[in-house]
Protein chains: 2
Amino acid sequence: MAPEMDQFYRSTMAIYKSILEQFNPALENLVYLGNNYLRAFHALSEAAEVYFNAIQKIGEQALQSSTSQILGEILVQMSDTQRHLNSDLEVVVQTFHGDLLQHMEKNTKLDMQFIKDSRQHYEMEYRHRAANLEKSMSQLWRMERKRDKNAREMKESVNRLHAQMQAFVSESQRAAELEEKRRYRFLAEKHLLLSNTFLQFFGRARGMLQNRVLLWKEQSEASRSPSRAHSPGLLGPVLGPPYPSGRLTPTRLDMVRPWAPPPPPFAPPPPPAPSAGPWGLRPAAWSLLPPRAPVYAAPLRRSFRPGAASAPPWWLGRRPENPYAEAWDWGWGLE
Amino acid sequence: MAPEMDQFYRSTMAIYKSILEQFNPALENLVYLGNNYLRAFHALSEAAEVYFNAIQKIGEQALQSSTSQILGEILVQMSDTQRHLNSDLEVVVQTFHGDLLQHMEKNTKLDMQFIKDSRQHYEMEYRHRAANLEKSMSQLWRMERKRDKNAREMKESVNRLHAQMQAFVSESQRAAELEEKRRYRFLAEKHLLLSNTFLQFFGRARGMLQNRVLLWKEQSEASRSPSRAHSPGLLGPVLGPPYPSGRLTPTRLDMVRPWAPPPPPFAPPPPPAPSAGPWGLRPAAWSLLPPRAPVYAAPLRRSFRPGAASAPPWWLGRRPENPYAEAWDWGWGLE
């Protein structure tokens, strides 16, 4: 057989070998890895749901409080938003499962046998044609040696057979190449579909969060307003001295030292320096604190407050040692 | 003690109880759930990386082929993009871990003791002051009964003490309310930070995919062009009949039936009807197929192709029974 025919034959067989021994096992492995990926998606979705259900419960507790309804509302909305994100992510998961993994799995199973058969049939057909051509060429050679009167006709036959053989190997190679390319395109287009589903998810998720984050930020900042620090209805009108006295003036009240807790772990941090972290400047977190250190009013009788005049009370004494001060070095901001 | 003082006392104690018995255990649980959530993130990130590494290897195989370099390039780029997305997702994960869970965990540990102490000290201080006031009121009552000359001064003292007590309970309640509110705000602002980190991730991810998906789509469609179906260099010039004959015309070649495989599982589907699926119209997937069914050229000698004239060859016979036809009912598109 002519060397170029043989070259076509070997390169066509190599394509079938590559599909059988590289592409299909790789696709099979991809289906396995894809199922792991899918399980990781489901696990994330579930963990997010459980986490944000817990956030929602805390938000509902805040809604019951007298102080933090707005904050409770924000927490509940965050939980709702997460649920929406989760259900949008479900579209990605379904696409990945139904449109990629299932097709990939089905195709790779069918394809192993199909490519084996194709390769085998190509091999048989090639040998048939090659043997046919060889035989005709031998016959022609014998006829030409014998100066047979039909040699000219035979030569035309051999030429025709040879041309058919050329067309056969070249078209068969083209067909095998198409098969190879189809498989890579299948994979690329399937993952293009996945990428596009992700793109749409990211777009929707971004749109969903964009306005809400701004709204939550505004509401959260509004809730810092000192006027909302407690329910005003509980104060003032209820209070009235049982022993009326014109001397109970606001100036006097300023002198009263209420019981004040030591700085707690949930206290805001000192105002940030102008150079802020990656999240930009924080809103000053001090607005809820009294504008100045309260002045302690000495008790009427020393006997009821032993040591009150000689040593600072425990809460003043503890303040400098506050172990929680750095626990509040946090904040957030929008770029 | 006056009922309104008692009411303040009980409602302040209830706030401490709620922080101790509701908020802090809920926060502790949230840290636990958050760590699960974090693990799920890591697992997803890892599964995605393994999956797209496998895609990359297939892409590199395609780059080695003679037919699918563009498709290989697309697959490798998809894998790169996934790596970028993963590293962006890492920012979300780090924020969640460092800025939320660690703070929440630290605060909830410190807070249990702090709130217990605060409640206990408030209780003690309230009782001191209440006892002090009761005692002064008894004394005043005795002095007024005795018409003591210092009764007027004592009355002023009692009034002052009473006002101080009022200010104490009201300010203490305000302080407890602030503590409660601080904790809910902490939670809300921390999750606002998380939401904002997600928002930025979604924005970046969308931006990253948007142009690439379009480019991949174009490249993938361009690779359907029949001119790229095989390497033209391998055909044509190599072929030349060893027995030159002017009768080998293109018309003749058209009559040659190359070996043609049966429709494979990776074959494109029939052109879609105008009403397309959720992903819109598909590009016609037929362009790689020969424009018409090839005509089969009868073999020169029947002895080499037994039964060829009496029955259709196996590949024609198999075609109608193709079990893979529906495996290609897929496609993708951009909205």
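Since we're looking at a predicted model, the values are computed, not measured.

Some details on helix α1 (residues 3-64) of chain A
- Relative to the 92 Å expected for 62 residues at 1.5 Å per residue, α1 of chain A spans 88 Å between its end C-alpha atoms, a close match to the ideal helical length.
- Where α1 of chain A bends most, at Ile-19 of chain A, the angle is about 35 degrees.

Brief notes about the side chain of Gln-82 of chain A
- Tracing the backbone shows Gln-82 of chain A in helix α2 (residues 69-145).
- By relative accessible area, which is 9% here, Gln-82 of chain A ends up buried.
- Filtering out sequence-adjacent residues up to four positions away, Gln-82 of chain A remains in contact with Ala-48 and Phe-52 of chain A together with Tyr-37 of chain B.

As for empty space enclosed by the protein
- Here the structure, examined in full by the defined rule, presents 12 cavities of 30 Å³ or more.
- Considering only enclosed or pocket space, the largest cavity measures out at about 350 Å³ in volume.
- Listed by contribution, the elements that provide at least two residues to the lining of the largest cavity are α1, α2 and α3 (151-222) of chain A together with α1 (3-64), α2 (69-145) and α3 (151-222) of chain B.
- The residue inventory of the lining of the largest cavity, partitioned by class, reads 18 nonpolar, 6 polar and no charged.

Examining the nonpolar core
- Grouped together as the largest cluster of nonpolar side chains are 94 residues, with contacts concentrated most on Tyr-37, Tyr-51 and Met-104 of chain A together with Tyr-37, Tyr-51 and Met-104 of chain B.
- Of all the secondary structure elements, the ones that give two or more residues to this core are α1, α2 and α3 of chain A together with α1, α2 and α3 of chain B.
- Here Tyr-37 of chain B is in contact with Leu-44, Ala-47, Ala-48, Tyr-51, Phe-52 and Gln-82 of chain A together with Phe-96 and Phe-198 of chain B, once residues within four sequence places are set aside.

A short note on the environment of Ala-188 of chain B
- Locating Ala-188 of chain B in the fold gives a position in helix α3.
- Among all residues touching Ala-188 of chain B, those that are not within four sequence positions of it are Leu-71, Ile-74, Leu-75 and Met-78 of chain A.

Some words on the packing of α3 of chain A against α3 of chain B
- Where α3 of chain A contacts α3 of chain B, the axes come no closer than 6 Å and their chain directions differ by 150 degrees. Taken together, α3 of chain A and α3 of chain B sit at an angle that is classed as roughly antiparallel. For the element pair α3 of chain A and α3 of chain B, the recorded crossing hand is left-handed.
- Residues belonging to the contact of α3 of chain A with α3 of chain B are distributed by class as follows: 18 nonpolar, 10 polar and 8 charged.

Some thoughts on the packing of α2 of chain B against α3 of chain B
All names here are of chain B.
- The N-to-C vectors of α2 and α3 enclose an angle of 175 degrees; their axes lie 10 Å apart at closest approach. Classified by the interaxial angle, the pair formed by α2 and α3 is roughly antiparallel.
- When grouped by side-chain class, the residues that make up the contact of α2 with α3 number 36 nonpolar, 16 polar and 12 charged.

Describing the pattern of salt bridges
- Following the criterion strictly, the structure yields 28 salt bridges over all chains and no others.
- Here Glu-179 of chain A ties to Arg-182 of chain A by a salt bridge, and the two come within 2.7 Å at their closest N and O atoms. Of this pair, Glu-179 of chain A and Arg-182 of chain A are both found in helix α3, 3 residues apart, which corresponds to roughly one turn of the helix. Judged on exposure class, the residue Glu-179 of chain A and its partner Arg-182 of chain A are both buried.
- A salt bridge links Lys-17 of chain B to Glu-21 of chain B; its shortest N-O distance comes to 3.1 Å. Linking Lys-17 of chain B with Glu-21 of chain B, this pair stays in helix α1, spanning 4 residues, or about one helical turn.
- Relative accessible area serves as the criterion here: at 44%, Lys-17 of chain B is assigned to the partly exposed category.

Some points on the confidence of the model for chain A
Residues and elements named next belong to chain A.
- Summarising the model, chain A shows a mean pLDDT of 75, and 67% of its residues fall at 70 or more.
- Within chain A, helix α5 (residues 314-318) has the poorest average pLDDT of any element, 30, and α1 the best, 96.
- Note that pLDDT drops below 50 for residues 227-261; the model gives that stretch 81 contacts with residues more than four away or on any other chain.
- Note on residues 269-335: pLDDT under 50 across the span, and 117 contacts to partners over four residues away in sequence or across chains.

Some remarks on the packing of aromatic side chains
- Per the counting criterion, the structure on display carries 32 aromatic pairs over all chains.
- Seen from their ring centres, Phe-52 of chain A and Tyr-37 of chain B are 6.4 Å apart, and the 85 degrees between their planes marks the pair as edge-to-face. Of this pair, Phe-52 of chain A sits in helix α1 while Tyr-37 of chain B sits in helix α1, on two different chains.
- Judged by centre distance (5.1 Å) and plane angle (25 degrees), the rings of Tyr-37 of chain B and Phe-41 of chain B are stacked. With Tyr-37 of chain B and Phe-41 of chain B both in helix α1, this residue pair falls 4 residues apart, about one helical turn.
- Above the plane of the ring of Phe-168 of chain B lies Arg-129 of chain B, whose end atom (NZ or CZ) is 4.6 Å from the centre.

Parameters and conventions
The residue numbers shown here count from 1 along each chain, following its written sequence. Throughout, the order in which chains and ligands are written sets their labels, letters from A for the former and numbers from 1 for the latter. Per-residue local features are limited, in this predicted model, to residues with pLDDT of at least 70; the limit for side-chain atom pairs, both in listing and counting, is 80 or more; totals at the level of whole chains, interfaces and linings are taken over all residues. Only heavy atoms go into the side-chain values, all of them from the structure, while hydrogens and water stay out. Think of it this way: any DSSP run of H or I at least four residues long counts as a helix, any run of E at least two long counts as a strand, and we number them from the N terminus. A helix is expected to span 1.5 Å for every residue after the first. Consider a residue and the seven residues that end there alongside the seven that start there; fitting an axis to each set, the bend is the angle between those axes. In this scheme, a residue with accessible area under 20% of its type's maximum is buried, one over 50% is exposed, and one in between is partly exposed, where area comes from a 1.4 Å probe on protein chains only. Whether two residues are in contact is decided by their heavy atoms: any pair within 4.5 Å suffices. Detection works on a 1 Å grid of protein atoms alone, calling trapped sets that fit a 1.4 Å probe cavities and calling open sets with protein on both sides within 12 Å along at least five of seven lines pockets, with lining residues defined by an atom within 4 Å of a point. Grid points are joined across faces, edges and corners, and a volume is the space filled by probe spheres set on the points. For this classification, the nonpolar set comprises Ala, Val, Leu, Ile, Met, Phe, Trp, Tyr, Cys and Pro, the charged set comprises Asp, Glu, Lys and Arg, and every other residue, Gly included, is treated as polar. Residues grouped as a nonpolar core are buried Ala, Val, Leu, Ile, Met, Phe, Trp, Tyr and Cys residues, joined through side-chain atoms within 4.5 Å. Axis definition: a line fit to C-alpha positions, over the contact stretch in the case of helices; interaxial angles, taken between N-to-C directions, run 0 to 180 degrees. These descriptions rest on fixed angle ranges, namely under 35 degrees for roughly parallel, over 145 for roughly antiparallel, 65 to 115 for roughly perpendicular, and the rest for oblique. In this scheme the handedness of a crossing depends on how the near helix is turned from the far one: anticlockwise by less than a right angle means left-handed, clockwise means right-handed. Think of a salt bridge as a Lys or Arg side-chain nitrogen and an Asp or Glu carboxyl oxygen that are within 4 Å of each other. Along the chain, pLDDT gives the predictor's confidence residue by residue, from 0 to 100. Two rings from Phe, Tyr or Trp (for Trp, the six-membered ring) form a pair when their centres are within 6.5 Å of each other. A pair whose planes differ by under 30 degrees is stacked, one over 60 is edge-to-face, and the rest are tilted. A ring has a charge above it when a Lys NZ or an Arg CZ is no more than 6 Å from the ring centre and no more than 35 degrees off the ring normal.

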